Amino acid sequence: MKCLITGVAGFVGSHLVEFLLKQEEVQVCGVDRWYTKKDNINHLLGQFEYREFDMTDFSSVFQVLEKTKPDKIFHLAAQSFVPTSWNAPAETLNTNIIGQLNIFEAVRQLNINPWIQLACSSEEYGLVYPDEVPIKETNQLRPLSPYAVSKVAQDLLGYQYGQSYKLKIVRTRAFNHTGPRRGENFVTSNFAKQIVEIEKGKREPVLLVGNLEAKRDFTDVRDVVRAYWLATEKGEPGEVYNICSNKTISIKKMLDLLLGLSPMKNKITIKEDSARLRPSDVQILFGDCTKFRQRTGWKPEISLEKTMADLLDYWRGKIS
Ligand code: A2R
């Protein structure tokens, strides 16, 4: 079985390659932009086929699909960072929506019918009322950022192409996921990196934070990539599934957890940095993944404590 991962050098892509390389009779091809940093996958290069593409360029997408003819596509490539989408909304919409459209159209023109897993997002739920949690897939989508709108469009486009052309598309709405290699722009990794910099004497013992009151539902990325695989093994084409831990904790609690794992915990001062606050922030993300659990038997196996410990160790290994 040939699996294609778009955005393979990204955070999730790198963990998905590791997971797929351990599966029997699976060949992996991964694609990313030629100038994308390969730090996340350097240790894996040579173990899978690596190609370059830009998904906003149809001919580039077409060529990759024509050469690989995959049985499964894990579509992870995206402008994935919410704050960037405020600064570059058109770029975000173009990359995420038109990039995915190019994949669908190339699949159609090549007359192939691979499973396609779409990495949609809990950000699509956006504004959620207190009586709506834990959030089910049927919740209204009220996106609060250009990124979230791009993911709603990806999601609905996936639904439409499944209905119109009978493509085997399964949509996953992952809630927050983290772990080693998470980009430093994301809150868990940003805090972990600052803590390690303080541990190593590279920064004053002052940790800059944004909105600590927001609540999030965290899953380890290694559990998430296993879910993506199961979505294509046991999911139903046309369906959408939440991938989450079924628990929610405040960013403040997550920070306390990280601090508790550091020998510097009693010496660090927390300071709010207004630059880290967003024009409109999602206050609570707390998912219900019963539908996916019942369909596939998936449940998270890695505790948040282990995820945070591994994330800190990742930064300790990177910062000398
Ligand atoms: O931006 P770069 O050069 O670092 O490359 C990113 C890649 N990517 C693209 N690949 C091909 N053509 C494009 N036009 C294009 N634009 C971006 O997608 C990067 O290597 C990858 C995405 O990886 P991350 O930003 O690390 O995202 P992460 O956390 O792995 O999320 C995976 C998926 C995304 O669709 C998120 O929106 C969703 O899960 O939550």
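In this text, all values refer to a predicted model and were calculated from it rather than measured experimentally. Within each chain, residues carry numbers counting from 1 in the order of the written sequence. Where local features are concerned, this predicted model is filtered to residues with pLDDT of at least 70; where side-chain atom pairs are given and counted, the filter is 80 or more; whole-chain, interface and lining totals use all residues. Remark: hydrogens and water are excluded; side-chain values derive from all non-hydrogen atoms of the structure.

1. Considerations on the overall build of the protein
Stated precisely, the cut-off is as follows: The helix count covers DSSP runs of H or I at least four residues long, the strand count covers runs of E at least two residues long, and both are numbered beginning at the N terminus. Radius of gyration means the value over C-alpha atoms here, while the globule rule gives 2.2 Å times the residue count to the 0.38 power. A 1.4 Å probe rolled over the protein chains alone gives each residue an accessible area, and that area as a share of the maximum for its type sets the label: buried under 20%, exposed over 50%, partly exposed in between. Only heavy atoms matter for contacts: two residues are in contact if any of them lie within 4.5 Å across the pair. Surface accessibility follows the Shrake-Rupley procedure with a 1.4 Å probe radius. Residue values consider only the protein chains on display as shielding. Positive charges come from Lys and Arg alone, negative charges from Asp and Glu alone, with His and the N- and C-terminal ends not counted. We put the charge of a Lys on NZ, of an Arg on CZ, of an Asp on CG and of a Glu on CD.
Within the protein one finds 10 helices and 13 strands. Over its C-alpha trace the protein gives a radius of gyration of 19 Å, about what one expects of a compact globule, namely 20 Å for 320 residues. Along the first, second and third principal axes, the C-alpha set of the protein runs to 60 × 45 × 40 Å. Each of the 320 residues in the protein was classed as buried or not, and the buried ones make up 55%. The long-range share in the protein, meaning contacts at least 24 apart out of those at least 6 apart in sequence, stands at 80%. Working note: accessible area of the protein is about 14,000 Å², and carbon and sulfur atoms make up 49% of it. Averaged over its 43 positive side-chain charges, the protein has a centre that lies 2 Å from the centre of its 39 negative ones.

2. Concerning the nonpolar core
To keep it simple, the criterion reads: Throughout, nonpolar core names a set of buried Ala, Val, Leu, Ile, Met, Phe, Trp, Tyr and Cys residues whose side chains join them through atoms within 4.5 Å.
Formed by 41 residues in total, the largest nonpolar core has its most connected members in Ile5, Leu20, Tyr228, Ile243 and Phe292. Secondary structure elements with two or more residues in this core: strand S1 (2–6), helix H1 (11–21), strand S5 (115–121), strand S6 (168–174), helix H7 (221–234) and strand S11 (240–243). For this core, the element with the most residues is H7, which contributes eight residues. If near-sequence neighbours (up to four positions away) are discounted, leucine 20 is found in contact with Cys3, Ile5, Val26, Val28, Phe74 and Trp229.

3. Thoughts on the site of the ligand
Basically, it comes down to this: One heavy atom within 4 Å of a molecule or strand makes the whole residue count as near it. Contacts described as polar in this section are N or O atom pairs within 3.5 Å, which, within protein, must combine one atom able to donate a hydrogen with one able to accept it, while residues neighboring in sequence count only if both atoms come from side chains. Residue polarity follows a fixed list, in which Ala, Val, Leu, Ile, Met, Phe, Trp, Tyr, Cys and Pro are nonpolar, Asp, Glu, Lys and Arg are charged, and the others, Gly among them, are polar.
Around the ligand lies a shell of 21 residues, among which Val12, Arg33, Thr36, Ser80 and Tyr147 are the nearest. Valine 12 has a polar backbone atom sitting 2.8 Å from an oxygen atom of the ligand. Here aspartate 54 contributes a side-chain N or O atom positioned 2.9 Å from a nitrogen atom of the ligand. Within the complex, the protein chains bury 86% of what would otherwise be the 800 Å² of accessible surface of the ligand. If you list the elements that add at least two residues to the shell around the ligand, you get H1 and helix H5 (146–165). Looking at the shell around the ligand residue by residue, the classes come out as 10 nonpolar, six polar and five charged.

4. Examining the environment of histidine 75
Looking at the secondary structure, you find histidine 75 in strand S4 (residues 72–75). Sequence separation of histidine 75 and glycine 7 is 68 residues, and the distance between their C-alpha atoms is 7.3 Å. If we ignore the near neighbours within four places in the chain, the residues touching histidine 75 are Thr6, Met55, Gln100, Ile103, Gln117, Leu118, Ala119 and Gln154. Within the structure, the side chain of histidine 75 is placed 2.8 Å from the side chain of threonine 6, a separation counted as a polar contact.

5. Side note on the domain arrangement of the protein
Here is the rule: Throughout the structure description, domain borders are defined by an automatic or database domain assignment. Two parts lose some accessible area (1.4 Å probe) when they are put together, and adding that loss for both gives the buried area. Take a side-chain nitrogen of Lys or Arg and a carboxyl oxygen of Asp or Glu: if they are within 4 Å of each other, that pair is a salt bridge.
The domain architecture assigned to the protein consists of domain 1 (2–177 + 218–243) and domain 2 (183–216 + 248–284 + 303–318). Listed as interface residues are 15 residues of domain 1 and, on the opposing side, 17 residues of domain 2. Among the residues domain 1 hides against domain 2, the three largest losses belong to Phe81, Trp86 and Phe218. Together they make up 41% of the total. Between aspartate 310 and arginine 222 there is a salt bridge, with the nearest N and O atoms lying 2.9 Å from each other. By residue number, the principal contributor to the side of domain 1 that touches domain 2 is helix H3 (residues 82–87), which donates three residues. Its residues assigned to classes, the side of domain 1 that touches domain 2 comprises eight nonpolar, three polar and four charged.

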